[in-house]
Each structure stands twice: as structure tokens, then as C-alpha cells.
Amino acid sequence: MTATAEQTTDPFAGEEVVLDVDGLVKHFPLKQGIVVKRQIGAVQAVDGVSFQLRRGETLGIVGESGCGKSTLAKLLMRLEEPDAGEVRFRGEDFLALDGEELRRMRRKIQIIFQDPYTSLNPRMSVGDIIGEPFTIHKDVVPKKGIRNRVKELLDVVGLNPDHINRYPHQFSGGQRQRIGIARGLALNPDVIICDEPVSALDVSVQAQVMNLLEDLQDEFGLSYIFIAHDLSVVRHISDRIAVMYLGKLAELGTEHEIYGGPAHPYTQALLSAVPVPDPTLRGKREQIVLKGDPPNPANPPSGCRFRTRCWKATDYCAEVAPELTVRPGISQAAACHYAETNEDVAAMD
Ligand SMILES: Nc1ncnc2c1ncn2[C@@H]1O[C@H](COP(=O)(O)OP(=O)(O)OP(=O)(O)O)[C@@H](O)[C@H]1O
Ligand SMILES: [Mg+2]
């Protein structure tokens with residue numbers, strides 16, 4: 001382990017960086033007019049997001065609806081092209097690739113979507129759904145071997161391989177999500193982006209799917225980006241957590257740091273809404289209720305984007321946007337002029 005790893009509680013500090021995301025920006029043009037469309041502004045869906053994902057790590061990304069989580073996921077998959085920024089996959093410039101090179105690289109980053117009901121084609125059998133990636137990437141499995149490989153994948157995700165000819169409607173929500181996971185695994189990816197994979201499922205089924213994802217991570221050395229609305233969903237599975245607000249990261253830190261000593265007021269507010277399982281701790285944590293809804297991402301506040309809902313905000317926050325600066329040897333960083341450091345939080349206890 002390096003000296004840096006020893007100083008932090010970050011167990012992945014010395015691990016290989018699989019995804020290196022730097023200054024990613026995506027603004028969607030807002031247009032008006034019936035015949036001639038004029039651009040009247042832009043939705044700043046993702047506005048300068050940077051982070052690294054290490055091998056075997058799960059990075060949770062949390063934030064309210066519309067803060068840009070799915071857009072970020074699409075940029076990482078190159079389903080959307082960014083306006084600015086860099087994505088390096090194992091050191092290679094992912095955004096510079098095209099044609100065959102891009103196709104080969106695309107295998108390595110897969111996505112699992114939120115809704116297992118709409119993300120699977122109802123007219124395709126499960127065998128065809130899971131086997132489809134092999135018809136696009138022909139060199140992974142020889143044509144004759146596809147059926148067997150699909151059966152193996154069904155088994156890996158805990159489904160009966162004999163159900164290969166069934167259709168999506170013959171499966172429950174949790175089983176359908178397993179089909180989506182099997183498809184995601186087909187091309188032996190290094191990274192899987194899970195965009196709210198359990199949000200549409202019953203609570204009892206959620207835990208099973210989460211456990212499956214964790215088992216698969218151990219078995220195949222996968223790195224995950226796990227997107228969710230709230231902090232309670234990602235806690236168990238995440239090694240680090242990025243809190244997103246209006247297209248920017250508000251805070252980044254290990255699971256331990258974010259839950260033990262959230263530094264950004266927004267993280268503190270999100271965390272105060274998470275139920276406390278330990279009854280002896282109940283009541284010790286103050287509930288912070290945020291005022292109003294997030295502002296319009298087409299017209300974000302000047303300076304710090306969170307300031308209009310923040311109880312700590314001053315005039316300075318309206319003028320100067322705080323940066324998320326990661327200090328050497330310290331894994332936690334918050335984009336706030338008045339961020340509480342871990343030492344402050346420890347002193348408050
Ligand atoms: N193709 C698009 N064209 C225009 N605006 C878009 C497009 N896709 C997303 N947006 C806008 O970008 C912002 C971020 O959307 P995004 O779907 O990334 O949010 P999200 O965090 O995934 O939300 P949710 O939690 O509801 O899934 C929203 O204001 C959304 O309306
Ligand atoms: Mg989304």
C-alpha cells in the first residue's frame with residue numbers, strides 16, 4: 001500500500017484507475033419557435049464533473065431527480081457526446097475513439113437500467129435478449145456456442161437456464177432485472193453502470209438484486225457506478241459516494257466519511273432524511289428540511305448552485321462558485337466555502 005492509502009480510510013487508494021473522468025460537461029440546448037427554432041438557453045445537465053473509478057470499486061452517485069445522474073451515465077457510455085471534458089478508460093482517451101476501436105472499447109462499459117419492464121424488448125425471447133450482444137460483437141463467442149453461453153449467464157444470475165425460450169412478461173420484476181444484468185455481463189465488461197437498478201422493484205426483491213450485484217463484483221472483479229436518489233440505497237454497496245446537485249458534484253468521499261462526517265450542507269440534509277436503524281441514535285441527529293425544489297438547471301443560481309437552499313449561504317456564495325478540490329492523501333472533498341472538515345465534525349460529537 002502507498003503512503004497515501006495509509007493516511008486515508010480509502011481502501012482503493014492504490015488500485016488501478018479504470019475510469020478517469022475530468023471536467024465533463026453536457027448542456028442540452030433549449031429551443032423555442034414553431035417554424036424556425038431558436039436556441040433560447042441550455043439545460044446544464046452535467047457541468048464540470050470529475051472523479052476516478054478504481055478497479056473493483058463501487059462509486060455511488062446520489063442526487064435529486066433531474067440533477068444529471070442519467071446524463072452522466074450516458075456520457076460515460078458515449079450514448080451522449082459531451083460538450084467538454086475527458087473520459088479515460090484504463091488510460092486510453094475514450095472520447096477520441098471511433099469505428100471499430102470504439103466498438104471494442106464499448107464492450108468494457110455496460111449499463112443496467114432502472115426499469116426492467118421497459119428496458120427489455122417484449123417480442124424477444126430471453127435467449128435472444130441476452131445473446132444479442134454476441135451477434136453485434138461476433139468474436140466473443142462463436143455462433144454455435146451462443147446458446148450455451150446464454151444458459152451459463154442465466155445460471156450466473158440465478159435464473160433457470162431451461163427458461164431460455166421464455167419472454168420477458170413471463171418473469172417477475174426482480175427476475176427481469178436479473179435478465180438485464182445477465183445481458184450486461186455478456187461481453188465481460190470491466191465497468192457496469194447501474195442506473196437506479198432496484199428503484200422499480202419491491203423492497204424485498206431489492207436486497208436480493210443488490211446481493212447478486214455484490215457477488216458478481218467479487219467474482220468478476222467488476223467496478224460499479226451505482227446511481228440512486230437517496231443515500232440509504234447506496235450505503236451498503238458503495239465504497240465511495242459522490243453527491244450530485246444541479247449538474248455538479250457537491251461532495252465526494254468514502255462511505256465511512258460521507259455517513260460519519262458529511263462536509264457539505266447538501267449531504268448533511270440528504271443524510272438527515274435517511275432513517276436511523278439504531279434506536280439509541282434516533283433523535284440525536286437533527287432533521288434538516290431543505291427549502292423548496294432544486295432550481296431550474298437551465299437557469300442555475302450564480303456562484304454556488306446550492307446557495308438558494310442553504311442555511312449557511314452568504315453573499316460570497318452568490319459570487320464565487322466553490323470548487324471540489326481533492327487534497328492529497330485525503331479522500332473526502334466538498335464543494336463548499338464553509339464545508340465542515342472531519343476534524344470539525346469530530347469536535348461536535
Ligand atoms: N435529451 C435531453 N434533452 C434535453 N434535456 C435533457 C435531455 N436529457 C436530460 N435532460 C435534462 O437534463 C437534466 C438532467 O436529467 P437526467 O435525466 O440526467 O437527471 P437524473 O438525475 O437522472 O434524474 P432522475 O433521478 O429523475 O432519473 C434534466 O433537467 C433533464 O430534463
Ligand atoms: Mg435518471
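Residues numbered from 1 in each chain as written. Chains lettered and ligands numbered in written order. Predicted model: local features only at pLDDT ≥ 70, side-chain atom pairs only at ≥ 80, totals over all residues. Heavy atoms only, no water.

1. Side note on the overall build of the protein
Turning to step 1, where the next piece is worked out: From N to C terminus, the protein includes 12 helices and 11 strands.
Turning to step 2, where the next piece is worked out: Relative to the globule expectation of 20 Å for 349 residues, the C-alpha radius of gyration of the protein, 21 Å, shows essentially globular dimensions.
Turning to step 3, where the next piece is worked out: Projected onto its principal axes, the C-alpha positions of the protein cover 65 × 60 × 40 Å.
Turning to step 4, where the next piece is worked out: Looking at the protein as a whole, 47% of its 349 residues qualify as buried.
Turning to step 5, where the next piece is worked out: Counted over contacts in the protein with a minimum sequence separation of 6, partners at least 24 positions apart contribute 65%.
Turning to step 6, where the next piece is worked out: Surface summary for the protein: the accessible area is close to 17,300 Å², and the carbon and sulfur share equals 49%.
Turning to step 7, where the next piece is worked out: Put simply, the protein has 39 plus and 48 minus side-chain charges, and the middle of one group is 8 Å from the middle of the other. (Helix = DSSP H or I, 4+ residues; strand = E, 2+ residues; numbered from the N terminus. Rg over C-alpha atoms; globule rule 2.2 N^0.38 Å. Buried < 20%, exposed > 50% of the residue type's maximum accessible area, 1.4 Å probe, protein only. Contact = heavy atoms within 4.5 Å. Areas by Shrake-Rupley, 256 points an atom, 1.4 Å probe, with all protein chains shown as cover. Lys, Arg positive; Asp, Glu negative; His and termini not counted. Charge placed at Lys NZ, Arg CZ, Asp CG, Glu CD.)

2. Comments concerning the sheet that holds strand 5 (residues 92-93)
Turning to step 1, where the next piece is worked out: An order of 2-1-4-5 is seen for the four strands of this open sheet, with the pairing classed as antiparallel. Of all the strands in the sheet, the pair left with one neighbour each is strand 2 (38-54) and strand 5.
Turning to step 2, where the next piece is worked out: In this fold helix 2 (residues 69-77) packs onto strand 1 (17-32), strand 2 and strand 4 (84-89), with an angle of close to 120° to the strand it touches most, strand 1. (Pairing = 2+ DSSP bridges. Axes fitted to C-alpha atoms, helices over the stretch in contact; angles between N-to-C directions.)

3. A look at the confidence of the model for the protein
Turning to step 1, where the next piece is worked out: In this model, the protein carries an average pLDDT of 89, and 92% of its residues clear a pLDDT of 70 or more.
Turning to step 2, where the next piece is worked out: Taken together, the stretch residues 1-6 has pLDDT below 50 and engages in four contacts with residues farther than four places along the chain or on a different chain.
Turning to step 3, where the next piece is worked out: Here residues 345-349 is a poorly scored stretch, pLDDT under 50, and it has five contacts once near neighbours within four places are set aside; other chains count. (pLDDT = per-residue confidence, 0-100.)

4. Some remarks on helix 5 (residues 146-156)
Note that an α-helix has 3.6 residues per turn; residues three or four places apart therefore point the same way.
Turning to step 1, where the next piece is worked out: Taken together, the buried positions of helix 5 are occupied by I146, V150, L153 and L154. Along the long axis of helix 5, the arc covered by the buried residues comes to 105°, so they all point the same way. In helix 5, those exposed residues whose orientation departs by more than 90 degrees from the buried face are N148 and D155.
Turning to step 2, where the next piece is worked out: Considering only its buried residues, helix 5 is in contact with helix 4 (126-136) and helix 6 (173-185). (Arc of directions from axis to C-beta.)

5. Focus on the site of ligand 1
Turning to step 1, where the next piece is worked out: As a structural note, the neighbourhood of ligand 1 is formed by 14 residues, with S65, G66, K69, S70 and T71 the closest of them.
Turning to step 2, where the next piece is worked out: At a separation of 3.2 Å, an oxygen atom of ligand 1 approaches a polar side-chain atom of H229.
Turning to step 3, where the next piece is worked out: Here ligand 1 has 630 Å² of accessible area as a free molecule, and 65% of this is covered by the chains.
Turning to step 4, where the next piece is worked out: The element that contributes the greatest number of residues to the shell around ligand 1 is helix 2, accounting for three residues.
Turning to step 5, where the next piece is worked out: Tallied by class, the residues present in the shell around ligand 1 amount to five nonpolar, six polar and three charged. (Near = heavy atom within 4 Å. Polar contact = N/O pair within 3.5 Å; in protein donor to acceptor, adjacent residues only side chain to side chain. Nonpolar A, V, L, I, M, F, W, Y, C, P; charged D, E, K, R; others polar.)

6. Points about the pattern of salt bridges
Turning to step 1, where the next piece is worked out: Using the criterion set out here, one finds 18 salt bridges in the structure.
Turning to step 2, where the next piece is worked out: For K248, the salt bridge identified is with D47, shortest N-O distance 3.5 Å. Note that K248 is positioned in strand 10 (residues 248-254) and D47 in strand 2, a separation of 201 residues in sequence.
Turning to step 3, where the next piece is worked out: Each member of the salt-bridge network shares a partner with another, and the members are D10, R54, E57 and R240. (Salt bridge = Lys/Arg side-chain N within 4 Å of Asp/Glu carboxyl O.)

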